[in-house]
Amino acid sequence: MRAASVRPVALVTGSSRGIGLAVAEALAREGFAVAVNGPVDDAELSAAVARVAALGAPVAAAPFDVTRVGGHDAALAVVEEKLGRLTTLVNNAGVGVLRRGDMLDVSEESWDRCLAVNAKAMFFLSQAFARRLLSRERSPLFHSIVNVTSSNAVAVAEQRSEYCASKAAAAMVSKALAVRLGREEIAVYDVQPGLIATEMTAPVIDAYRERAEQGLTLFPRVGQPDDIGALVASLASGRLPYTTGLSIPADAGMLIPRF
Ligand SMILES: NC(=O)c1ccc[n+]([C@@H]2O[C@H](COP(=O)([O-])OP(=O)(O)OC[C@H]3O[C@@H](n4cnc5c(N)ncnc54)[C@H](OP(=O)(O)O)[C@@H]3O)[C@@H](O)[C@H]2O)c1
């Protein structure tokens, strides 16, 4: 067991289920203290906290809506009161579109929602996190921001254009953060999952599974949340030394150009 003062501390947004929960669990296995987040303090969040706690890691519930930018710093302060100084922010919270379909029919409501959760929130939460770190002397622990964007940061999904736009924005925010925070030795990564079986993709995963088996992905299968959890935990643990600003496709080779 590490001493509390040298244990890395991570906040994982949107970790009440799916990829975020798998990231929280993988970080706990790596020895991180973990703050588990969802927009509200509900049974799903409590169950997620219990799963992470069962791994033996210090854990805290951190219920807050990431779109409430004015509450970010207070939310980070509460996490630090409970778990100690943050070393790691994983911006994972995300939403899909309100309705799949022709971009000519996309509503302003769906556009605003995608941009608010998937791009604006991670920009400002990263800003609050970075300000906090820069305001004090940091421990020699590895410090990083890992953003979970999407293959749709680069590849168009015709039926989800507003989601694609939000993820492209998030990928650029990752690059800008890497540039700004490099001189502070805070690493920034952009993880771009492809087809992962979660609640978000539940309505379409069977169709994707079939396409994966037919060659859409180079490994003929869809991914699992634990695949992304292990990848994010590796990055957040500093296992890619002397790197920052990387965009990492976590898509079983889906986007490699082929003919
Ligand atoms: N699954 C895939 O194939 C795939 C592929 C590429 C990228 N991604 C990205 O991976 C991330 C996780 O996706 P997932 O598949 O695990 O989705 P998911 O199962 O729908 O989980 C999304 C999580 O984000 C939370 N969340 C949503 N809005 C929030 C807000 N305003 N404040 C705080 N938390 C909020 C959700 O909590 P509530 O349910 O309580 O709202 C939930 O915990 C997303 O950014 C998604 O875009 C997923």
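Residues numbered from 1 in each chain as written. Predicted model: local features only at pLDDT ≥ 70, side-chain atom pairs only at ≥ 80, totals over all residues. Heavy atoms only, no water.

The protein goes by 3-ketoacyl-ACP reductase in an unreviewed UniProt entry, where it is assigned to Shinella yambaruensis.

Mapped onto the secondary structure, Arg136 falls in the loop between α4 (108-134) and β5 (143-148). Given a relative accessible area of 19%, Arg136 falls into the buried group. Not counting chain neighbours up to four residues away, the residues in contact with Arg136 comprise Glu80, Arg85 and Leu86. (Helix = DSSP H or I, 4+ residues; strand = E, 2+ residues; numbered from the N terminus. Buried < 20%, exposed > 50% of the residue type's maximum accessible area, 1.4 Å probe, protein only. Contact = heavy atoms within 4.5 Å.)

Quick look at the sheet that holds strand β7 (residues 246-250) now. Taken together, the 7 strands give an open sheet; going across it, the order is β3-β2-β1-β4-β5-β6-β7, and neighbouring strands pair in parallel fashion. Taken across any chain shown, the strands that pair with only one partner, and hence form the sheet edges, are β3 (59-61) and β7. Neighbour to neighbour, the strand axes of the sheet diverge by 15° on average, direction disregarded. Bridge analysis of strand β2 (residues 33-36) against β3 gives 3 bridges, and the strand direction is parallel. Of the residues in β3, the one forming a bridge with Val34 is Val59. (Pairing = 2+ DSSP bridges. Axes fitted to C-alpha atoms, helices over the stretch in contact; angles between N-to-C directions.)

Our next topic: the side chain of Asn37. The topology assignment puts Asn37 in the loop between β2 and α2 (43-53). In terms of polar contacts, Asn37 uses its side chain to reach the backbone carbonyl oxygen of Ala62, at 2.8 Å. If sequence neighbours within four positions are ignored, Asn37 has contacts with Leu11, Val12, Thr13, Gly14, Ser15, Ser16, Leu45, Ala62, Pro63, Phe64 and Val66. (Polar contact = N/O pair within 3.5 Å; in protein donor to acceptor, adjacent residues only side chain to side chain.)

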